[in-house]
Amino acid sequence: MKAHTQQSLQGQAQADGGSGVETATVIGAGTMGSQIAAVAALAGFHTYLVDIAEEPLAQAVDQLRSRFDRDVEKGRRTREDVEAAWERLITTTDRDAAAAASDIVVEAAVEDLDVKRRIFAELDSVCSPDTILATNSSNIVPSRLAEVVEHGGRMCNLHFFNPALVMECVELVPHHGTSEETRRRAGAFAEELGKTLVTLKQEIPGFVANRLLNAIRREALSLYDQGVADFPDIDAAARTALRHPMGPFELMDLVGIDVVYLIRQAEHAQTGDPEDLPDPAIAELYEAGRLGRKTGRGWYSYA
Ligand SMILES: NC(=O)c1ccc[n+]([C@@H]2O[C@H](COP(=O)([O-])OP(=O)(O)OC[C@H]3O[C@@H](n4cnc5c(N)ncnc54)[C@H](O)[C@@H]3O)[C@@H](O)[C@H]2O)c1
């Protein structure tokens, strides 16, 4: 029954350029996964949100409920759209049953290569070979996960941005073995979610948006390290001359100095290039526990 449905769906997708996705599974109900699942349910997909335990799922539902309530109050969504999305969103710890019933799986579990490799190796045996396997990883390129998958042509990154309910961009990152069909269908799925698709032709650590961000951050840190200007002035230049909504140092405080530090460590682990190591000023803040807004102090102090 499933195979028949998928064949006809994919035939249809081929004809109209759509993704052929009716049902999606999102693995990991944390910051990203909960909102990616909400985006999919709002866009009309039957959606399973999976985690390893009930607690993160319950937490995700609570957070989504308050967010949706706020959105309805502020007139950003209608109550009917939100209620219809809840009807389509199912939370479960039965990952394999959800994945086996899905046309696409988007993995947004913890950023750990071994965990992700285990998840995809296991999914490979329960999903139909036509099911798209995507990771939301910000740092792990898809070839590192395709290695453990028999049908590696269906593997890619679909990289969402935080908060996924708000941010428009989704990067589609293929590896050299990603099939044309997967590239096309995964891209169509991102567009059906209402996102703006940025398609990479090949994988590269950091993808596009974070590489642009890193280039700005790197230059900002270099100007600061050289004593060319103090960090509030560099932020002011970015805000008032380039019209960025916030300066690179303000953004680091918002994202978390620990996140900035660990992303650079992960990049260095992949490239081995000493240039990719965290900037000494970042390492200093990290070691001092000055992690930004969340600890009340990073580059700036917060009341
Ligand atoms: N946070 C961001 O700003 C951001 C932005 C873009 C992409 N990402 C990527 O998204 C992914 C998730 O990041 P996050 O910030 O949402 O993490 P998070 O820590 O908020 O959530 C991870 C969730 O995965 C669950 N989990 C752990 N192991 C699992 C398993 N084996 N099976 C199912 N669920 C499991 C955890 O219980 C947790 O609920 C990472 O790969 C990260 O690189 C994060």
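Each residue is numbered by its place in its chain's sequence as written, counting from 1. Where local features are concerned, this predicted model is filtered to residues with pLDDT of at least 70; where side-chain atom pairs are given and counted, the filter is 80 or more; whole-chain, interface and lining totals use all residues. Hydrogens and waters are ignored; side-chain quantities use all the structure's heavy atoms.

1. What about the pairing of strand β8 (residues 196-199)?
Two elements, strand β7 (residues 169-174) and β8, share four bridges in a ladder whose sense is parallel. Bridged to C169 within β8 is T196. Crossover handedness for the path β7 to helix α8 (residues 180-192) to β8: right-handed. In this description, strands pair whenever DSSP reports at least two bridges between them. Numbering goes from the N terminus for both helices and strands, where a helix is a DSSP run of H or I of at least four residues and a strand is a run of E of at least two. By convention, orient the strands away from the viewer: a clockwise path from the first strand over the helix to the second makes the crossover right-handed.

2. Observations regarding the site of the ligand
Around the ligand, 22 residues are found, and the nearest of them are M32, D51, E111, K116 and S138. Throughout this description, a polar contact denotes any pair of N or O atoms lying within 3.5 Å of each other; where both atoms belong to protein, one of them has to be capable of donating a hydrogen while the other can accept it, and for residues adjacent in sequence the pair is counted only when both atoms sit in side chains. Residue M32 places a main-chain N or O atom 2.8 Å away from an oxygen atom belonging to the ligand. Between S138 and the ligand, the recorded distance is 3.2 Å, taken from a backbone N or O atom to an oxygen atom. Counting only elements with at least two residues in the shell around the ligand, the list comes to α2 (31-42), α6 (113-126) and β6 (155-160). Here the shell around the ligand gets three residues from one element, more than from any other, and that element is α6. Residues are labelled near a given molecule or strand when at least one of their non-hydrogen atoms is within 4 Å of it.

3. A closer look at the packing of aromatic side chains
Pairing of aromatic rings covers Phe, Tyr and Trp, the last through its six-membered ring, and needs centres within 6.5 Å; plane angles under 30 degrees mean stacked, over 60 mean edge-to-face, and all others mean tilted. Tallied over the full model, the rule gives 10 aromatic pairs. Ring geometry for Y224 versus W299: centroids 5.2 Å apart, planes at 85°, classification edge-to-face. Placement of Y224 in helix α9 (residues 209-225) and of W299 in the segment after α13 (280-287) is noted, with a sequence separation of 75 residues between them. Exposure classes here rest on a 1.4 Å probe applied to the protein chains alone. A residue is buried below 20% of its type maximum, exposed above 50%, and partly exposed in between. Exposure remark for W299: the relative accessible area of 8% places this residue in the buried category. Summarising the aromatic geometry, the rings of F249 and W299 are spaced 4.7 Å apart at their centres and angled 80° between planes, so their arrangement reads as edge-to-face. Of the two residues, F249 sits in helix α11 (residues 248-255) while W299 sits in the segment after α13, which places them 50 residues apart along the sequence. In this structure an aromatic cluster arises from ring pairing among Y224, F231, F249, W299 and Y300. A cation over an aromatic ring shows up here: R65 above the ring of W86, its NZ or CZ 4.4 Å from the ring centre. A positively charged side chain is recorded as over a ring if its NZ (Lys) or CZ (Arg) lies within 6 Å of the ring centre. The angle to the ring normal must also be within 35 degrees.

4. Things to note about the domain arrangement of the protein
You'll often see interface size given as the accessible area lost when the parts meet. You can read the domains of the protein as domain 1 (2-199) and domain 2 (209-288). The split into domains, and so the bounds of each, comes from an automatic or database assignment of domains. The centre of domain 1, based on its C-alpha atoms, is set 30 Å off from the matching centre of domain 2. Listed as interface residues are eight residues of domain 1 and, on the opposing side, five residues of domain 2. Taken together, both faces of the contact between domain 1 and domain 2 bury some 480 Å²; the carbon and sulfur share is 43%. Salt bridges are identified by distance alone: a Lys or Arg side-chain nitrogen within 4 Å of an Asp or Glu carboxyl oxygen. The interface formed by domain 1 and domain 2 holds zero salt bridges in total. Run the count over domain 1 and domain 2 and you get one residue pair in polar contact (both at pLDDT 80 or more). We call two residues in contact whenever any of their non-hydrogen atoms come within 4.5 Å of each other. Buried area adds together the accessible area that both of two parts lose upon being put together, with accessible area traced by a 1.4 Å probe.

5. Some thoughts on the state of the cysteines
The disulfide criterion used throughout: a pair of cysteine sulfur atoms within 2.5 Å. Inspection of every chain in the model, using the stated rule, returns zero disulfides. As a non-bridged cysteine, C127 has C156 as the owner of its nearest cysteine sulfur, 13 Å distant.

6. Describing α11
When α11 is considered as a whole, its buried residues turn out to be P248, F249, E250, M252 and D253. Structurally, α11 contributes buried residues whose contacts are with α9, α10 (231-240), α12 (257-271) and α13. In the stretch just after α11, G256 is the one whose phi turns positive, near 115°.

7. Looking at the nonpolar core
By size, the foremost hydrophobic cluster in this structure holds 38 residues, and its most contacted members are I36, L49, I104, L158, F160 and F189. Looking at this core, the element that brings in the most residues is α2, giving seven residues. Take the buried Ala, Val, Leu, Ile, Met, Phe, Trp, Tyr and Cys residues and link them wherever side-chain atoms come within 4.5 Å; each set so joined is a nonpolar core.

8. A few points about a nonpolar patch on the surface
For patches, a residue must show more than 30% relative accessible area and have no salt bridge; joins then use 9 Å for like charges and 5 Å for nonpolar side chains, namely Val, Leu, Ile, Met, Phe, Trp and Tyr. Values of accessible area rely on a 1.4 Å probe in the Shrake-Rupley scheme; residue burial ignores everything except the protein chains shown. There is a patch of nonpolar side chains on the surface, built from L254, V255 and V259 and spanning about 210 Å² of accessible area. The topology assignment puts V259 in helix α12. Owing to a relative accessible area of 30%, V259 belongs among the partly exposed residues under this scheme.

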